Amino acid sequence: MTYFFETYGCQMNFAESAAMDRLFRDRGWTGAADGDAADLVLIHTCSVRETAEQRALGRLAQYAALKKKRKEQNRPLTLAVGGCMAQRLGRGLQAKIPEVDYVLGTAARSLLPSLLAALEQGRKPEAPSGAWAFTDAAPAFPFSPLHTAEPEPGAKTIRSFIPVMQGCGNYCSYCIVPSVRGPEVSRDPAAIEAEIRLAAAQGVREITLLGQNVNAYRWEGLDFSGLLALTARAVEQTPIRWVRFLSANPKNFSPQAVQVMADNRVFCRHLHLCVQHGSNRVLRAMNRGYTREAYLALVEIVRKAMPEISFSTDILIGFPGETEEDLEETLTLMEEVRFLSAYMYHYNPREGTAAYTLPCRISEGVKRERLGRVIALQKKHTQELLQSRLGRRERVLIEGVSRKNADELVSRTERQETAVVPGGAALSGFFGELTLDSLRGNTFRSRDIRILE
Ligand code: SF4
């Protein structure tokens, strides 16, 4: 039997799709080139913004039409939906699109083996309610043993995202994640270590510890700084040279975690530290749980411990009630930190979040104009920071052949800077050293590279 996935959203969704892909292959299913060639299509959805859901619903409507057409050709198509939108809408999704056979909530992946077994035997699996929608929380979140994606034919697996926890209990007032991913569930450190070994055996050179809120990691007495120390030990004697983590929350980023990072050179000198806004009034309304001052103090602690570190962040503009002065405070915070890059977006009301009912919504025009100023400032900072790095000799991980030029390789520094250098595909996955000779847009160009390992 054949299958085809479409995955939307965050790294967690892609890591979970990689794990599901392995499950299907281990059961003897084959990946199809596209949905029309598959027996089963699974759409792995995101719910973080309305637009993400609209996109997935659009795709589902297309597959529903395809399913009808194939029925006339006696080529049945099984249509399944997973991820955060499936969790949020549940059976409502089948009311909207009756052609959807299975709705798998965010904790329901553990049901996949029984579902596939039924399909392999040509029968429709029983579901308690009749309509096959399963969004109830499973007893324990089903982390899979390995989340490393199968490489493209001829390519190498270089990086892997390793979930260490899932869910979030912070309830930022604009965010849907806690209601679709549920409370924080941390993963057994022994399983994380086992996955690190499996990834290393696949030749992985860089891992990213993944969670919606990694700092909240707790397993018995082990906290996030303990997990970082465990990871630093686990990658010794392996080909893994770089460790990153995502997403870090300033609310509970401990000085101990900063110290473990500083003491272990395997941790990349880059930190994605979501700030969202620079005004304390707006941070309170967002229920972020920290102040502007606390955020800046944390940045100072990190910079003192690792002066060469670069920062990126998330910035959300146009939250209900935001004033011109509030926006000014975000711009001044950006001036103080000088982020290398940022995900910048404007507020979208999200049903099911606390902010949805807040008064004083900002008009689309004002939101866009303010976001435009934030983006312009970020672009200026990015350029200035990259310009200041010209001429430096840097260690990079070669990620693969440039999509723009087959004679060039794309590489990345530990600070999340991109550098292009002449070279062939055989060098993918190697670490090398190069000089940041020139800058084109936000990408460095180097004349040559010395391979290290
Ligand atoms: S920390 Fe806030 S924004 Fe991040 S996932 Fe949790 S609730 Fe959402």
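Residues numbered from 1 in each chain as written. Predicted model: local features only at pLDDT ≥ 70, side-chain atom pairs only at ≥ 80, totals over all residues. Heavy atoms only, no water.

(A) Highlighting the packing of helix H7 (residues 189-201) against helix H8 (residues 224-234). In contact at an axis separation of 10 Å, H7 and H8 are set at 30 degrees when each is read in the N-to-C sense. Accordingly, the angle class assigned to the pair H7 and H8 is roughly parallel. Seen from above, H7 lies across H8 with right-handed handedness. Across from Pro189, Ile192, Glu193 and Ile196 in H7, the residues of H8 making contact are Leu227, Leu230, Thr231 and Ala234. Taken together, the residues of the contact of H7 with H8 break down into six nonpolar, one polar and one charged. (Axes fitted to C-alpha atoms, helices over the stretch in contact; angles between N-to-C directions. Helix = DSSP H or I, 4+ residues; strand = E, 2+ residues; numbered from the N terminus. Parallel < 35°, antiparallel > 145°, perpendicular 65-115°, else oblique. Left-handed = near helix turned anticlockwise from the far one by under 90°. Contact = heavy atoms within 4.5 Å. Nonpolar A, V, L, I, M, F, W, Y, C, P; charged D, E, K, R; others polar.)

(B) Summary view of helix H1 (residues 11-26). A rise of 1.5 Å per residue sets the reference length of H1, with its 16 residues, at 22 Å; its end C-alpha atoms lie 23 Å apart and thus fit the reference within 8%. Among all positions in H1, only Met12, Asn13, Ala15, Glu16, Ser17, Ala18, Ala19, Met20, Asp21, Arg22 and Phe24 are buried. The first or second residue beyond H1 is Gly28, which carries a positive phi of 90 degrees. (Expected span 1.5 Å × (residues − 1). Buried < 20%, exposed > 50% of the residue type's maximum accessible area, 1.4 Å probe, protein only.)

(C) Structural detail: the site of the ligand. Around the ligand, the neighbouring residues are Cys168, Asn170, Tyr171, Cys172, Tyr174, Cys175, Val177, Pro178, Asn249 and Arg288. Residue composition of the shell around the ligand, grouped by class: seven nonpolar, two polar and one charged. (Near = heavy atom within 4 Å.)

(D) Expanded view of the pairing of strand E19 (residues 418-422). As paired strands, strand E18 (residues 408-413) and E19 are joined by five bridges and run antiparallel to one another. Bridged to Ser411 within E19 is Ala419. Linking E18 to E19, which pair antiparallel, is a turn of four residues; within it Gln416 sits at a positive phi near 65 degrees. Summarising the sheet, E19 and strand E22 (residues 443-445) pair through three bridges and their orientation is parallel. Looking across to E22, one finds that Val420 is bridged to Arg445. (Pairing = 2+ DSSP bridges.)

(E) Structural context of the packing of helix H11 (residues 292-305) against helix H12 (residues 324-337). One can describe the packing of H11 onto H12 by two numbers: an axis separation of 11 Å at closest approach and a directional angle of 10 degrees. Our classification of the angle between H11 and H12 gives roughly parallel. Together, Arg292, Tyr295, Leu296, Val299 and Arg303 of H11 and Glu329, Thr332, Leu333, Glu336 and Val337 of H12 make up the contact between the two elements. Residue composition of the contact of H11 with H12, by class: five nonpolar, one polar and four charged.

(F) Seen up close, the environment of Leu434. Mapped onto the secondary structure, Leu434 falls in strand E20 (residues 431-435). Taking the C-alpha atoms as reference points, Leu434 and Glu300, separated by 134 residues in sequence, lie 29 Å from one another. Residues in contact with Leu434, not counting those within four places in the same chain, are Arg392, Arg393, Glu394, Val396, Ser411, Ala419, Val421, Ser446, Asp448 and Ile449.

(G) Spotlight on a negative patch on the surface. On the surface, a cluster of negative charge is made up of Glu293, Glu325, Glu328 and Glu329. Among the elements that take part in the negative patch, H12 stands out by supplying three residues, more than any other. When you line up the elements, Glu325 lands in helix H12. The class of Glu325 is exposed, set by a relative accessible area of 56%. (Patch = residues over 30% accessible without salt bridge, like charges linked within 9 Å, V, L, I, M, F, W, Y side chains within 5 Å. Areas by Shrake-Rupley, 256 points an atom, 1.4 Å probe, with all protein chains shown as cover. Salt bridge = Lys/Arg side-chain N within 4 Å of Asp/Glu carboxyl O. Lys, Arg positive; Asp, Glu negative; His and termini not counted. Charge placed at Lys NZ, Arg CZ, Asp CG, Glu CD.)

(H) Here's a closer look at the domain arrangement of the chain. Per the domain assignment, the segments of the chain are domain 1 (2-134), domain 2 (159-387) and domain 3 (393-451). Each side of the interface is counted separately: domain 2 has 19 residues, and domain 3 has 17 residues. Taken as a group, Arg205, Trp242 and Leu386 account for 41% of the area that domain 2 buries against domain 3, more than any other trio of residues on that side. Between domain 2 and domain 3 we count two salt bridges in total. Linking Glu399 and Arg159 is a salt bridge whose minimum nitrogen-to-oxygen distance equals 3.5 Å. For the pair domain 2 and domain 3, the number of links is eleven residue pairs in polar contact (both at pLDDT 80 or more). Of all the secondary-structure elements, those providing two or more residues to the side of domain 2 that touches domain 3 are strand E13 (242-246) and helix H13 (364-387). For the side of domain 2 that touches domain 3, the leading source of residues is H13, giving four residues. Among the residues making up the side of domain 2 that touches domain 3, the classes are represented as six nonpolar, five polar and eight charged. (Domains from an automatic or database assignment. Buried area = accessible area lost by both parts, 1.4 Å probe. Polar contact = N/O pair within 3.5 Å; in protein donor to acceptor, adjacent residues only side chain to side chain.)

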